[in-house]
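Geometric and topological summary
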Amino acid sequence: MEDPRTEVIQAWYMDESDEDQRLPHHREPKEYVSFDRLNEIGVLSWRLDADNYETDEELKKIRAERGYTYVDFCDLCPERMPNYEQKIKNFFEEHLHTDEEIRYCVDGSGYFDVRDENEKWIRVWVKKGGMIVLPAGMYHRFTLDTNNYIKAMRLFVGEPVWTPYNRPHDELPARKEYLDTFIKKAGTHAVNAAA
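Quick notes on the rules
Residues numbered from 1 in each chain as written. Predicted model: local features only at pLDDT ≥ 70, side-chain atom pairs only at ≥ 80, totals over all residues. Heavy atoms only, no water. Polar contact = N/O pair within 3.5 Å; in protein donor to acceptor, adjacent residues only side chain to side chain. Helix = DSSP H or I, 4+ residues; strand = E, 2+ residues; numbered from the N terminus. UniProt positions renumbered as here; feature names shortened; annotations may be inferred. 1 Å grid on protein atoms, 1.4 Å probe; cavity = no way out; pocket = protein on both sides within 12 Å on 5 of 7 lines; lining within 4 Å. Buried < 20%, exposed > 50% of the residue type's maximum accessible area, 1.4 Å probe, protein only. Contact = heavy atoms within 4.5 Å. Points joined across faces, edges and corners; volume = space filled by probe spheres on them. Nonpolar A, V, L, I, M, F, W, Y, C, P; charged D, E, K, R; others polar. Salt bridge = Lys/Arg side-chain N within 4 Å of Asp/Glu carboxyl O. Core = buried A, V, L, I, M, F, W, Y, C linked by side-chain atoms within 4.5 Å.

Looking now at helix α2 (residues 57-66). Between the side-chain oxygen at the start of α2 and the backbone nitrogen of Glu-58 there is a gap of 3.1 Å, and the oxygen is on Asp-56. The first or second residue beyond α2 is Gly-67, which carries a positive phi of 75 degrees.

A few words on the UniProt feature "binding site: Fe(2+)" (unreviewed entry) in the chain. Under the feature "binding site: Fe(2+)" (unreviewed entry), the UniProt entry names His-95, His-97, Glu-101 and His-140. A compact arrangement is adopted by the annotated residues: their sequence extent is 46 residues, whereas the largest C-alpha distance between any two is 11.4 Å. None of the other annotated residues line the largest cavity; only His-97 and Glu-101 do. Residue placement: His-95 occurs in strand β4 (residues 95-96). On the basis of relative accessible area, His-95 is assigned to the buried category, the value being 7%. Each residue touching His-95, except ones within four places of it in the same chain, is listed here: Glu-101, Met-138, Tyr-139, His-140, Arg-141, Pro-164, Tyr-165, Asn-166 and Arg-167. With respect to the helices and strands, the residue His-140 is situated in strand β8 (residues 140-144). Accessibility expressed as a relative area gives 1% for His-140, which makes it buried. Not counting the four nearest positions on each side in its chain, His-140 is found in contact with Glu-93, Glu-94, His-95, Leu-96, His-97, Glu-101, Asp-113, Val-114, Trp-121 and Leu-134. At 3.5 Å, the side chain of His-140 and the side chain of His-97 are in polar contact.

This next bit is on the environment of Asp-3. Positionally, Asp-3 belongs in the segment before β1 (9-13). A distance of 2.6 Å separates the side chain of Asp-3 from the side chain of Arg-5, its partner in a polar contact.

As a further point, take empty space enclosed by the protein. Evaluation of the coordinates by the stated rule reveals one cavity of 30 Å³ or more. Roughly 60 Å³ of internal volume is contained in the largest cavity. Lining the largest cavity are His-97, Asp-99, Glu-100, Glu-101, Ile-102, Arg-103, Leu-155, Phe-156, Val-161 and Trp-162. Elements with a contribution of two residues or more to the lining of the largest cavity: β5 (101-115) and β9 (150-156). Ranked by residues supplied to the lining of the largest cavity, first place goes to β5 with three residues. Of the residues belonging to the lining of the largest cavity, the class tally is five nonpolar, one polar and four charged.

Under the local residue numbering, the UniProt record ascribes the feature "binding site: Ni(2+)" (unreviewed entry) to His-95, His-97, Glu-101 and His-140. Of note, Glu-101 is situated in strand β5. Residues within four places of Glu-101 in sequence aside, it is in contact with His-95, Phe-112, Ile-132, Val-133, Leu-134 and His-140. Within the local environment of Glu-101, its side chain forms a polar contact with the side chain of His-97, the two groups lying 2.8 Å apart.

Before going further, it helps to examine the layout of surface pockets. Taken as a whole, the largest pocket encloses approximately 410 Å³ of empty space. Phe-91, His-95, Glu-101, Arg-103 and Arg-154 are the residues nearest the centre of the largest pocket, which is lined by 18 residues in total. Where the lining of the largest pocket is concerned, the elements lending two or more residues are β3 (70-76), α3 (84-91), β5, β8 and β9. Across the lining of the largest pocket, the residue classes break down as 10 nonpolar, four polar and four charged.

Applying the stated criterion across every chain yields a total of 20 salt bridges. Between Arg-115 and Glu-119 there is a salt bridge, and its shortest N-O distance comes to 3.6 Å. Linked through salt bridges whose partners overlap, the residues forming this network are Arg-37, Glu-40, Asp-116 and Glu-117.

For the rest of this paragraph, the subject is the nonpolar core. Core analysis: the biggest nonpolar cluster contains 30 residues, and Leu-38, Ile-41, Val-114, Ile-122 and Val-124 have the highest contact counts within it. Leave out the neighbours within four places in its chain, and Leu-38 touches Ala-11, Val-33, Val-43, Ile-122 and Val-124. Counting 14 residues, the second largest nonpolar core, distinct from the first, contains Leu-48, Leu-59, Tyr-104 and Met-153.

Here you go:
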């Protein structure tokens with residue numbers, strides 16, 4: 001049976017083109033990335049009921065288990081976001097945070113780009129109903145797709161700290177912990193798989 005997440009989250013390796021960042025940027029041939037592979041580098045994902053997010057028991061359970069106490073919403077589109085062009089440019093600058101980045105797409109869609117253990121970009125397309133967690137210390141960036149709209153629920157443990165640390169910030173404890181927890185394991189796994 002197909003994983004229900006595939007309807008709202010898809011991931012693939014990106015090409016090297018510097019064309020419009022809102023395009024899919026598939027490699028030729030296309031090279032999709034599995035949820036297991038995303039898990040290996042620390043990216044968690046769920047498919048939730050975006051039409052009923054206020055009462056969704058699954059979301060309540062995830063929030064309780066992971067300690068997400070803070071919630072707000074980010075409406076990202078040219079009509080609603082002051083300084084839209086600058087904001088989109090800032091979000092697409094490669095950066096990390098010292099806390100998890102939790103985003104639940106309740107409407108629209110967008111791309112979260114993350115790096116694998118070999119520094120290759122993986123594009124994660126999140127659509128309505130998709131929720132992802134990027135671990136603290138993981139370099140990433142965000143852009144809208146060609147629909148130019150996403151409404152995302154932002155979740156956080158405790159008081160939110162949205163500070164982005166643009167690359168390079170390899171000296172931060174969160175970065176070192178991320179490398180130790182995920183990248184060294186992913187590298188070992190890749191070596192063992194090739195053997």
